[in-house]
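Structure at a glance
Now for the letters of each chain:
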Amino acid sequence: MTDFKQVADRLIRAIEDWPEDGVTFRDITPLLAHPEGLAATVKALVDAARALGPIDVVAGVEARGFLLAPLIAEALGTGLVPVRKAGKLPAARITEAYALEYAEAVIEIHADAVTEGARVLIVDDVLATGGTLAAAVRLFERAGAEVAGAVVLIELPALGGRDALAGVPLTALLEY
Ligand SMILES: O=P(O)(O)OC[C@H]1O[C@H](OP(=O)(O)OP(=O)(O)O)[C@H](O)[C@@H]1O
Ligand SMILES: Nc1ncnc2[nH]cnc12
């Protein structure tokens, strides 16, 4: 089995000054495009998810969380809930606004996306300021669920996102 950290360090690329000056963008597309990179990524994510205890449902945050969450949900045998950017979900919604490293946004879930007390695992590719994941946690708490934890591929510790998630178990597979 390919070592995840080795293959990820080789295949995740850093793009300077994108999408704006001063941001180093961590691009996971070469990792996902590589067969062994993808397999090692899925295994590492699923191992991290299993370590968080029982999970009833896996949530992926649009857009890059959508690339990862279904792979974990399928492996755990759970359902999948999309956390969508504003204006995409057709039925009654719960909405949260937030700021992230280089933008502001609004995310939503369907009000009936989770059952009362369900243990939700939230998945995304990057934790930067934590604005996105903290907003996702608020969505599921407002929906009556319990956030069992969050798993990300990459944490950018200099941006302090972990502090925004106080009280939520967070596993990051890599730090840059
Ligand atoms: O911790 P934060 O400062 O909130 O930043 C992290 C978020 O930023 C990126 O999403 P983005 O909204 O750029 O969009 P994308 O997934 O649609 O590319 C990334 O995929 C995370 O969701
Ligand atoms: N530096 C970064 N690279 C990739 N995705 C991000 N989302 C927020 N900050 C990011």
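Residues numbered from 1 in each chain as written. Chains lettered and ligands numbered in written order. Predicted model: local features only at pLDDT ≥ 70, side-chain atom pairs only at ≥ 80, totals over all residues. Heavy atoms only, no water.

1. Some details on unusual backbone geometry
Operational definition: Helical segments are the DSSP runs of H or I of at least four residues, strand segments are the runs of E of at least two, and each set is numbered from the N terminus.
Looking along the chain, the bond that leaves Trp 18 and enters Pro 19 is cis, with omega of 5 degrees. With respect to the secondary-structure elements, Pro 19 resides in the loop between strand E1 (13-16) and strand E2 (24-27). In this model, Asp 17 sits at a positive phi of 55 degrees, which is unusual for a non-glycine residue.

2. Some details on the site of ligand 1
What counts here: Whether a residue is near a molecule or strand depends on its heavy atoms: it is near if one of them lies within 4 Å of it. Polar contacts, as used here, are pairs of N or O atoms within 3.5 Å; protein pairs need one atom able to donate a hydrogen and one able to accept it. Residues neighboring in sequence count only if both atoms are side-chain atoms. With residues, only the protein chains shown are counted as cover, and all accessible areas are computed by Shrake-Rupley using a 1.4 Å probe. In this classification, Asp, Glu, Lys and Arg are treated as charged, Ala, Val, Leu, Ile, Met, Phe, Trp, Tyr, Cys and Pro as nonpolar, and every other residue, Gly included, as polar.
Around ligand 1, the structure places 16 residues, and the nearest of them are Tyr 102, Asp 124, Asp 125, Thr 129 and Thr 132. Within the backbone of Ala 63, an N or O atom sits 3.0 Å from an oxygen atom of ligand 1. The side chain of Lys 85 places a nitrogen or oxygen atom 3.2 Å from an oxygen atom of ligand 1. Calculation on ligand 1 without its partners gives an accessible area of 510 Å², and the protein chains cover 87% of this total. Breaking the shell around ligand 1 down by element, the ones donating at least two residues are strand E7 (119-127) and helix H5 (131-142). Across the shell around ligand 1, the residue classes tally to 6 nonpolar, 4 polar and 6 charged.

3. Here we look at the environment of Val 81
Put simply, the test is: Throughout, a contact is declared for two residues whenever any of their heavy atoms are within 4.5 Å.
Within the secondary structure, Val 81 is located in strand E4 (residues 79-85). The spacing of Val 81 and Phe 66 is 15 residues in sequence and 9.5 Å in space, taken between C-alpha atoms. Not counting chain neighbours up to four residues away, the residues in contact with Val 81 comprise Val 57, Val 58, Ala 59, Gly 60, Ile 109, Ala 113, Val 114 and Phe 140.

4. Digging into the site of ligand 2
In plain terms, the rule: Points on a 1 Å grid, built from protein atoms alone, make a cavity when a 1.4 Å probe fits but cannot get out and make a pocket when they are open with protein on both sides within 12 Å along at least 5 of 7 lines; residues with an atom within 4 Å of a point are the lining residues. The way we define it, a molecule is inside a pocket or cavity when more than half of its atoms are within 2 Å of that pocket's grid points.
Around ligand 2, the neighbouring residues are Val 23, Thr 24, Phe 25, Arg 26, Arg 64, Glu 101, Tyr 102, Val 126, Ala 128 and Leu 156. Interatomic distance of 2.9 Å between a backbone N/O atom of Arg 26 and a nitrogen atom of ligand 2. Here Glu 101 contributes a side-chain N or O atom positioned 2.4 Å from a nitrogen atom of ligand 2. Using a 2 Å cut-off from the grid points, one finds that ligand 2 occupies the largest pocket. Sort the elements by how many residues they give to the shell around ligand 2 and E2 lands first, with 3 residues. In terms of residue class, the shell around ligand 2 is made up of 6 nonpolar, 1 polar and 3 charged.

5. Quick word on the UniProt feature "domain: Phosphoribosyltransferase" (unreviewed entry) in the chain
Applicable threshold: UniProt positions are given in the numbering used here, feature names are shortened, and annotations may be inferred rather than shown by experiment.
When the UniProt feature table is mapped onto this chain numbering, "domain: Phosphoribosyltransferase" (unreviewed entry) sits at residues 45-158. Here residues 45-158 runs as 26% helix and 41% strand, with 22 Å between its end C-alpha atoms.

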